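# Descriptive analysis of the structure
Each chain, letter by letter, is given below.
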Amino acid sequence: MTRESYGQHRSDDRPAVRRPASIKDVAAAAGVSPTTVSHVLSGNRPVNEQTAARVRSVVNRLGYVPASLARSLQAGSTSVIGLLIPDISNAFFAELAKGAEDAAHDLGYGLILCNTEFDAEREDRYLGMIRSRFVDGMVYASGSPPSRRRLESLMGKFPIALADEEVDGLERALIATADHEAGGRLVGEHLRELGHRRVLMLTGPRGLRSGVARAAGFVRAFGGHVVERVGDFKEDSGYRLVAKLLEEGGLDCTAVFAANDLMAFGALAALTEAGLSVPGDISVVGFDDIRAASQISPPLTTVHQPAYDVGRTATAQLLQYVSRGEVPPASRHTLPVTLKVRGSTAPAAR
């Protein structure tokens, strides 16, 4: 019997057991060296994007699992967690991700970063990917409201911590967040003390509890007339909302409170283009205190929330339970915020 016919004439008629794909199999199918495959998977060395995409496609098709990961799976752990954030271009979430990654690294864990762009469909795809991949837990900082049901199902699969953004119906989760309501209150008190009585408030997407809490704290503390417009936490929306009101002649206020710094930057740009002086004609306040807030002109008055500490706290708390193989109990860690008064606010113009 030839070697080629051996697999076709097994004496016990049992099907041949399929050998797991090796790194050499991936390299041969992708037309590259095993070293190149290793660089693509580890990210330690740059690889041409077209080549890297071909290697990843072959890895998925062959179901290749690195030996180190295979050993981890046999032990029931991968030492990898997922992190979902809505906008990596926003310095706030970049800082939160850094805190999460530092905490994971200190405890011997790797981290997979998923950027959802506040897109519920994209977030849903990432959650499905995380569920099918090998992770020991997840830190969720994205907050697209339609994902609650999916999150509930995932909570039974592996531990989850909510960072910065709470989700309706998931109060039993491990939560680490800044005090959003207190931040809104600090802004309301500041503008009221400066004599402002009419304010334009630019809020974030409907349904995000962080934005709702900021707005509620502000309205209660301010006590004056508030005109609300809904943005999307991006700079362009702050610009468009203010520019439209200016064009229509409807910006009848002495201050603007934007629910994050990026929208405040957009508002500042629109006001400056219209020939208005900040803070001489109108004051502007943001929320987050990203690094650029103190560097623009005029420097932005804003609420400082500890993004790095939020990410680090959520991850460190989560990994305490992951390392013990336990489901985290319902817990809440609320971090304090402070108001940074800078050059974009002044007493209300007459």
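Details of the structure are given in the entry above.
The notes below deal with the structure included here. (Residues numbered from 1 in each chain as written. Predicted model: local features only at pLDDT ≥ 70, side-chain atom pairs only at ≥ 80, totals over all residues. Heavy atoms only, no water.)

## Structural notes on the overall build of the chain
- In terms of regular secondary structure, the chain is built from 13 helices and 12 strands.
- Intrachain contacts of the chain at a sequence separation of at least 6 include 73% that bridge at least 24 residues.
- Summed over all atoms, the accessible surface of the chain reaches about 17400 Å², with 49% contributed by carbon and sulfur. (Helix = DSSP H or I, 4+ residues; strand = E, 2+ residues; numbered from the N terminus. Contact = heavy atoms within 4.5 Å. Areas by Shrake-Rupley, 256 points an atom, 1.4 Å probe, with all protein chains shown as cover.)

## Looking at the packing of aromatic side chains
- Taken as a whole and judged by the stated rule, the model has four aromatic pairs.
- A ring pair is formed by Phe 118 and Phe 233, whose centres lie 6.0 Å apart and whose planes are at 45°; its orientation type is tilted. One end of the pair, Phe 118, is in the loop between β2 (110–115) and α7 (120–132); the other, Phe 233, is in the loop between β7 (225–230) and α11 (235–248), and 115 residues separate them in sequence.
- Relative to Phe 222, the ring of Phe 218 lies with its centre 5.3 Å away and its plane at 10°, an arrangement referred to as stacked. Of the two residues, Phe 218 and Phe 222 are both situated in helix α10 (residues 209–222); the distance of four residues between them amounts to about one turn of the helix. For the pair Phe 218 and Phe 222, one class covers both residues: buried.
- Aromatic rings pair up to connect Phe 218, Phe 222 and Phe 257 into one cluster.
- Here Arg 214 stacks its cationic end above the ring of Phe 287, 4.0 Å away from the centre of that ring. (Phe/Tyr/Trp six-rings, centres within 6.5 Å; stacked < 30°, edge-to-face > 60°. Buried < 20%, exposed > 50% of the residue type's maximum accessible area, 1.4 Å probe, protein only. Lys NZ or Arg CZ within 6 Å of the ring centre and 35° of its normal.)

## Topic: the layout of surface pockets
- Taken as a whole, the second largest pocket spans an internal volume of roughly 220 Å³.
- Taken together, 13 residues form the lining of the second largest pocket, with Glu 95, Asp 289, Ile 290, Arg 291 and Ala 307 sitting closest to its centre.
- Those elements giving two or more residues to the lining of the second largest pocket turn out to be α6 (91–106) and α13 (307–324).
- Here the residues of the lining of the second largest pocket are counted per class, giving six nonpolar, two polar and five charged. (1 Å grid on protein atoms, 1.4 Å probe; cavity = no way out; pocket = protein on both sides within 12 Å on 5 of 7 lines; lining within 4 Å. Points joined across faces, edges and corners; volume = space filled by probe spheres on them. Nonpolar A, V, L, I, M, F, W, Y, C, P; charged D, E, K, R; others polar.)

## Observations regarding the sheet that holds strand β10 (residues 301–304)
- Pairing within the open sheet is mixed, and its six strands lie in the order β7-β6-β8-β9-β10-β12. Looking along the sheet, the strands with just one partner apiece sit at the ends: β7 and β12 (338–340). With strand direction ignored, the average angle separating the axes of adjacent strands in the sheet is 20°.
- In terms of strand pairing, strand β8 (residues 255–258) meets strand β9 (residues 283–288) through three bridges, oriented parallel. Within β9, the position partnered with Val 256 by the bridge is Val 284.
- Sheet contacts for helix α12 (residues 261–273): β6 (198–203), β8, β9 and β10; angle to β9, the most-contacted strand, approximately 160°. (Pairing = 2+ DSSP bridges. Axes fitted to C-alpha atoms, helices over the stretch in contact; angles between N-to-C directions.)

## Structural notes on the environment of Gly 238
- Tracing the backbone shows Gly 238 in helix α11.
- Looking at Gly 238, the relative accessible area reads 0%, which means it is buried.
- Sequence-distant contacts of Gly 238, defined by excluding residues within four places in its chain, comprise Leu 202, Met 263, Gly 266 and Ala 267.

## Quick notes on the pattern of salt bridges
- In total, this model carries 14 salt bridges according to the counting rule given.
- With a shortest N-O distance of 3.4 Å, Arg 198 and Asp 252 are connected by a salt bridge. Taken as a pair, Arg 198 in strand β6 and Asp 252 in the loop between α11 and β8 lie far apart in primary sequence, 54 residues in all.
- With relative accessibility at 33%, the residue Arg 198 sits in the partly exposed group.
- We classify Asp 252 as exposed; its relative accessible area is 52%. (Salt bridge = Lys/Arg side-chain N within 4 Å of Asp/Glu carboxyl O.)

## Thoughts on the sheet that holds strand β11 (residues 331–335)
- Ordered in space as β2-β1-β3-β4-β5-β11, the six strands form an open sheet in which the pairing is parallel. For this open sheet the edge positions go to β2 and β11, each flanked by a neighbour on one side alone. The mean angle between the axes of side-by-side strands here comes to 15°, regardless of whether they run parallel or antiparallel.
- This element, α6, spans β1 (80–85), β2 and β4 (160–163) of the sheet and lies at about 170° to β1.

## Description of the pairing of β8
- Going residue by residue along β8, you find Ala 255 and Phe 257 tucked away on one face and Val 256 and Ala 258 tucked away on the opposite face as well.
- A crossover links β8 with its parallel partner β9, the connecting element being α12, and its sense is right-handed. (Right-handed = clockwise from strand over helix to strand, strands pointing away.)

## Comments concerning the nonpolar core
- Counting 50 residues, the largest nonpolar core has Leu 96, Leu 200, Leu 202, Val 242, Leu 251 and Val 284 as its most contacted members.
- No other element matches the eight residues that α12 contributes to this core.
- With near-sequence residues (within four places) excluded, Leu 202 lies in contact with Arg 229, Gly 238, Leu 241, Val 242, Val 256, Phe 257, Ala 258, Ala 259, Met 263 and Ala 267.
- One finds Cys 114, Met 155, Ala 173 and Ile 175 within the second-largest nonpolar core, a separate group that totals 17 residues. (Core = buried A, V, L, I, M, F, W, Y, C linked by side-chain atoms within 4.5 Å.)

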